[in-house]
Amino acid sequence: MSNKHKISVMISEDKLQEKIAEIGAKISADYEGKEIKLICILKGSIFFCCELAKRITVPVKIDFMQTSSYGSGTTSSGNIVIKKELDESIEGEHVIVVEDIIDSGNTLFRLMPMLEERNPADICICTLLDKPDRREVDIDVKYNGFNIPDEFVVGYGLDYDQMYRNLPFIGVVHLDDEN
Ligand SMILES: O=P(O)(O)OC[C@H]1O[C@H](OP(=O)(O)OP(=O)(O)O)[C@H](O)[C@@H]1O
Ligand SMILES: Nc1nc2[nH]cnc2c(=O)[nH]1
């Protein structure tokens, strides 16, 4: 494959598949006898959410939400705006918020209370990647695929300037080596 930047593999496609199957099995066991609703936080979570949903054996509904942070700088500020609202109510539902990555934690720190106000039966967070070294606020993560170091990653939904979301692995972009 020829990419604009040099990209090295951090987590292979096989390792991702294996981990997602593991999380899917855990969720299926934890929610046995229940129906769950996955909330996919666009755009980055789309690949993880689709793959995860296929690995869950209890009944699953999927809804989508998109948020963006505003403020300056490269990390999300404390404030978020909802760019796309859920289509349906989550009242009384067993909700799992699906993220591709948690970095500062600001997005979920703001979003979770907004969702909790809508009275789900219960609600938790499932993320594919976590960068604990970058955390600015406390986030209670129930399902986490991988803790990763503080490096900018792409692939499996994650972008650099909207590119590379389609890579089937998690990679590190080497911005100094443009070719
Ligand atoms: O923990 P935080 O520092 O708040 O960062 C995490 C958020 O940033 C990413 O989304 P992004 O805003 O890049 O949007 P995208 O998924 O559409 O690329 C990611 O999907 C999380 O939603
Ligand atoms: N693409 C991408 N988005 C992020 N948002 C927060 N951290 C990251 C990261 O490492 N890569």
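Residues numbered from 1 in each chain as written. Chains lettered and ligands numbered in written order. Predicted model: local features only at pLDDT ≥ 70, side-chain atom pairs only at ≥ 80, totals over all residues. Heavy atoms only, no water.

**A short note on the sheet that holds strand S8 (residues 153–154)**
Here's step 1: Here we have 3 strands laid out as an open sheet, ordered S1-S9-S8, and antiparallel in their pairing. The open sheet has two free edges, formed respectively by strand S1 (6–11) and S8, since each of these has just one partner strand.
Here's step 2: Note: S1 against strand S9 (residues 170–174), 5 bridges, orientation antiparallel. Its bridge partner lying in S9, Val9 is registered against Gly171. (Pairing = 2+ DSSP bridges. Helix = DSSP H or I, 4+ residues; strand = E, 2+ residues; numbered from the N terminus.)

**A word on the nonpolar core**
Here's step 1: Grouped together as the largest cluster of nonpolar side chains are 30 residues, with contacts concentrated most on Ile27, Phe48, Leu52, Ile96, Leu128, Leu129 and Ile170.
Here's step 2: Counting residues per element, the ones that place at least two in this core are helix H1 (13–30), strand S2 (36–42), helix H2 (46–54), strand S5 (94–102), strand S6 (122–130), strand S7 (143–147) and S9.
Here's step 3: The contact partners of Leu129, leaving out residues within four places of it in the chain, are Ile11, Asp100, Ile101, Ile102, Asn144, Phe146, Ile148, Val153, Leu158 and Ile170.
Here's step 4: Core analysis: the second largest hydrophobic core is formed by 17 residues, Ile90, Val97, Leu108 and Leu111 among them. (Core = buried A, V, L, I, M, F, W, Y, C linked by side-chain atoms within 4.5 Å. Buried < 20%, exposed > 50% of the residue type's maximum accessible area, 1.4 Å probe, protein only. Contact = heavy atoms within 4.5 Å.)

**Side note on the pattern of salt bridges**
Here's step 1: Under the counting rule described, the total for this entry stands at 13 salt bridges.
Here's step 2: For Glu22, the salt bridge goes to Lys19, with nearest N and O atoms at 3.6 Å. Of this pair, Glu22 and Lys19 are both found in helix H1, 3 residues apart, which corresponds to roughly one turn of the helix.
Here's step 3: Exposure remark for Glu22: the relative accessible area of 39% places this residue in the partly exposed category.
Here's step 4: Across the pair Lys131 and Asp103 runs a salt bridge whose closest N-O atoms are separated by 3.3 Å. (Salt bridge = Lys/Arg side-chain N within 4 Å of Asp/Glu carboxyl O.)

**Considerations on the environment of Ser68**
Here's step 1: With respect to the helices and strands, the residue Ser68 is situated in strand S3 (residues 60–70).
Here's step 2: Ser68 gets classed as partly exposed once you look at its relative accessible area, which sits at 22%.
Here's step 3: On a C-alpha basis, the gap between Ser68 and Leu42 in space is 9.6 Å, while along the polypeptide they are 26 residues apart.
Here's step 4: Filtering out sequence-adjacent residues up to four positions away, Ser68 remains in contact with Asn79, Ile80, Val81 and Lys83.

**Quick notes on the site of ligand 1**
Here's step 1: Near ligand 1 lie 15 residues; those nearest to it are Glu99, Asp100, Ser104, Gly105 and Thr107.
Here's step 2: Residue Asp103 places a main-chain N or O atom 2.9 Å away from an oxygen atom belonging to ligand 1.
Here's step 3: One nitrogen or oxygen atom from the side chain of Thr107 is found 2.5 Å from an oxygen atom belonging to ligand 1.
Here's step 4: Calculation on ligand 1 without its partners gives an accessible area of 510 Å², and the protein chains cover 79% of this total.
Here's step 5: When contributions to the shell around ligand 1 are tallied by element, the ones reaching two or more residues are S5 and helix H3 (106–116).
Here's step 6: Among the elements that line the shell around ligand 1, the one with the most residues is S5, at 4 residues. (Near = heavy atom within 4 Å. Polar contact = N/O pair within 3.5 Å; in protein donor to acceptor, adjacent residues only side chain to side chain. Areas by Shrake-Rupley, 256 points an atom, 1.4 Å probe, with all protein chains shown as cover.)

**Regarding the packing of aromatic side chains**
Here's step 1: This model, assessed by the stated rule, comprises 2 aromatic pairs.
Here's step 2: Seen from their ring centres, Phe47 and Tyr156 are 6.2 Å apart, and the 50° between their planes marks the pair as tilted. Taken together, the residues Phe47 in helix H2 and Tyr156 in the loop between S8 and S9 connect sequence positions 109 residues apart.
Here's step 3: Among the residues examined, Phe47 registers a relative accessible area of 33% and is labelled partly exposed.
Here's step 4: Owing to a relative accessible area of 5%, Tyr156 belongs among the buried residues under this scheme.
Here's step 5: Sitting over the face of the ring of Phe146, Lys19 holds its NZ or CZ atom 5.3 Å from the ring centroid. (Phe/Tyr/Trp six-rings, centres within 6.5 Å; stacked < 30°, edge-to-face > 60°. Lys NZ or Arg CZ within 6 Å of the ring centre and 35° of its normal.)

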